[in-house]
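# Inside the fold
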Amino acid sequence: MDGSWTLEPSDALPAPIETPAPPEPTWTAERIEQLTRLWEEGVTTAEIGRRIGVSKNAVIGKVHRIGLTPRVITEKPPPRRNVFDFAGPVCMWPIGHPSDDDFHFCGERPMGGKPYCEHHAAMAYIRPKEAKPEAA
């Protein structure tokens, strides 16, 4: 063999090319009805999208195209307190979960060069094991 190859003709006919089925419409009458109902109930656009199976942006676009009444939020949520309001260096050990209302940092005086107080630094840092003296 000289390393070259050729493609031999085949007697078999090529398979017919199937045309793909047209895509299903994203917004069926049922989805639009469900969108309208959820919109009037005050469900968020992200949640409507999850329930219907489309993106939040698709929901927003459809709401505008079908002319649903815009929802105006008149009540502002209370501002979250700033957990970083400190006067000087403080221990940054978190206490509680960030989503909790009473989440805060330790606030004690930190050790020099460390972000934590002595108590929390002892929990955060593991001292290396001392090397065993080698036997001669």
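What counts, and at which threshold
- Residues numbered from 1 in each chain as written.
- Predicted model: local features only at pLDDT ≥ 70, side-chain atom pairs only at ≥ 80, totals over all residues.
- Heavy atoms only, no water.
- Salt bridge = Lys/Arg side-chain N within 4 Å of Asp/Glu carboxyl O.
- Helix = DSSP H or I, 4+ residues; strand = E, 2+ residues; numbered from the N terminus.
- Buried < 20%, exposed > 50% of the residue type's maximum accessible area, 1.4 Å probe, protein only.
- Phe/Tyr/Trp six-rings, centres within 6.5 Å; stacked < 30°, edge-to-face > 60°.
- Lys NZ or Arg CZ within 6 Å of the ring centre and 35° of its normal.

### Structural notes on the pattern of salt bridges
Applying the stated criterion across every chain yields a total of three salt bridges. Where Arg-50 meets Glu-47, a salt bridge forms, and the shortest distance between an N and an O atom there is 3.1 Å. With Arg-50 and Glu-47 both in helix α2 (residues 45–52) and three residues apart, this pair spans about one turn of that helix. What makes Arg-50 exposed here is its relative accessible area of 60%. Classification of Glu-47 by relative accessible area gives partly exposed; the value is 24%. Of the charged contacts, one joins Arg-51 and Glu-47 as a salt bridge, the two residues approaching to 3.0 Å between their closest N and O atoms. Placement of the pair is Arg-51 and Glu-47 together in helix α2, with a separation of four residues, close to one helical turn.

### Here we look at the packing of aromatic side chains
The final tally for this structure, using the stated rule, is three aromatic pairs. Ring centres of Trp-93 and Tyr-116 lie 5.3 Å apart, and the angle between their planes is 75 degrees; on these two criteria the pair is classed as edge-to-face. With Trp-93 in the loop between α3 (56–66) and β1 (94–95) and Tyr-116 in the loop between β2 (104–105) and α4 (118–124), the pair connects residues that are 23 residues apart, well separated along the chain. Overall, Trp-93 belongs to the partly exposed group, its relative accessible area being 23%. Their ring planes at 50 degrees and their centres at 6.2 Å tell us that Tyr-116 and Tyr-125 sit as a pair that is tilted. A network of ring pairs unites the aromatic residues Trp-93, Tyr-116 and Tyr-125 as a single cluster. Between Arg-71 and the ring centre of Trp-39, over which it is positioned, the NZ or CZ distance is 3.7 Å. When the ring centre of Tyr-125 is taken as reference, the NZ or CZ atom of Lys-114 above it lies at 5.0 Å.

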